[in-house]
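Secondary and tertiary structure notes
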Amino acid sequence: MFCNNMSESLLSITEKHVIYRALSLRREYALPLQLALRQAHLAEQLLTALRRGEVCFGYVKQDGTTRHARGTLTGYRYSFRRPYQPRPENLFMVYYDLDCQGWRTCRVVSLRYVRPFPEPGLPKRDGNTTAVFSLPGGEL
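Report follows, based on the coordinates. Keep in mind the model is a prediction, meaning the values are calculated, not measured. (Residues numbered from 1 in each chain as written. Predicted model: local features only at pLDDT ≥ 70, side-chain atom pairs only at ≥ 80, totals over all residues. Heavy atoms only, no water.)

Once that is clear, we can look at the nonpolar core. Counting residues in hydrophobic clusters, the biggest one holds 27 residues, and the most contacted among them are Leu25, Leu46, Phe57 and Leu111. Elements represented by at least two residues in this core include exactly helix H2 (13-29), helix H3 (33-52), strand S1 (55-60), strand S3 (92-97) and strand S5 (111-116). No other element matches H3, which puts eight residues into this core. (Core = buried A, V, L, I, M, F, W, Y, C linked by side-chain atoms within 4.5 Å. Buried < 20%, exposed > 50% of the residue type's maximum accessible area, 1.4 Å probe, protein only. Helix = DSSP H or I, 4+ residues; strand = E, 2+ residues; numbered from the N terminus.)

As C-alpha cells, then:
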C-alpha cells in the first residue's frame, strides 16, 4: 500500500493525462513513443490554454491542409449545460472556433502548435504572443 500511494504522488494529474493520451495515440496510430508523448503534451497545453480563454493553434486537416484556428472553451458550459470533462484517452479536441462562430474538433495527432494569448495588461513582445509551443518541424 505504501508503494501505491508513493507512486501516485510522484505523478501529477496532468502528467497522468499526458501518459494515457500518449498510450492511446501510440495504440491507435502506431506512433513512436517519443512522438506520441510530444503530441499528448501539446494536446494538454492546448486544453489548458483553451480553458483559460482565447488561443491560436494549428493542426493538419484530413485533406492535408493546415488550419490556423482561434478558439476557446469558455462557453462550453453555457452551450452544453455541463462542464467540459475530456477523458485523457480521447484523441480529439473540442473547441469553439471564434472565427467561424461554431463548435469544432481536431485530432490530437494532427496538432502542430499552440500560441496562448497573453493575459490582459501584459506587454506583447514584438507584436507576437508571449509563448509558442510547437513540435520540431511544426509549421508556424
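Right, let's get into a nonpolar patch on the surface. A grouping of Leu10, Leu11, Ile19, Tyr20, Leu23, Leu33 and Leu37 is seen on the molecular surface, where their side chains present a nonpolar patch of about 610 Å² in accessible area. Counting residues per element, the ones that place at least two in the nonpolar patch are H2 and H3. Residue contributions to the nonpolar patch peak at three residues, all from H2. Looking at the secondary structure, you find Tyr20 in helix H2. (Patch = residues over 30% accessible without salt bridge, like charges linked within 9 Å, V, L, I, M, F, W, Y side chains within 5 Å. Areas by Shrake-Rupley, 256 points an atom, 1.4 Å probe, with all protein chains shown as cover. Salt bridge = Lys/Arg side-chain N within 4 Å of Asp/Glu carboxyl O.)

Another aspect to go through is the packing of H2 against H3. Two elements in contact, H2 and H3, have axes separated by 8 Å at closest approach and are oriented at 130°. By the criterion of interaxial angle, the relationship of H2 to H3 is oblique. Judged by the twist between their axes, the crossing of H2 over H3 is right-handed. Residues Thr14, His17, Val18, Arg21, Ala22, Leu25 and Arg26 of H2 touch H3, and the partners they reach there are Leu33, Ala36, Leu37, Gln39, Ala40, His41, Ala43 and Glu44. A class-by-class count of the residues in the contact of H2 with H3 yields eight nonpolar, four polar and three charged. (Axes fitted to C-alpha atoms, helices over the stretch in contact; angles between N-to-C directions. Parallel < 35°, antiparallel > 145°, perpendicular 65-115°, else oblique. Left-handed = near helix turned anticlockwise from the far one by under 90°. Contact = heavy atoms within 4.5 Å. Nonpolar A, V, L, I, M, F, W, Y, C, P; charged D, E, K, R; others polar.)

Taken by themselves, the reported measurements are silent on function.
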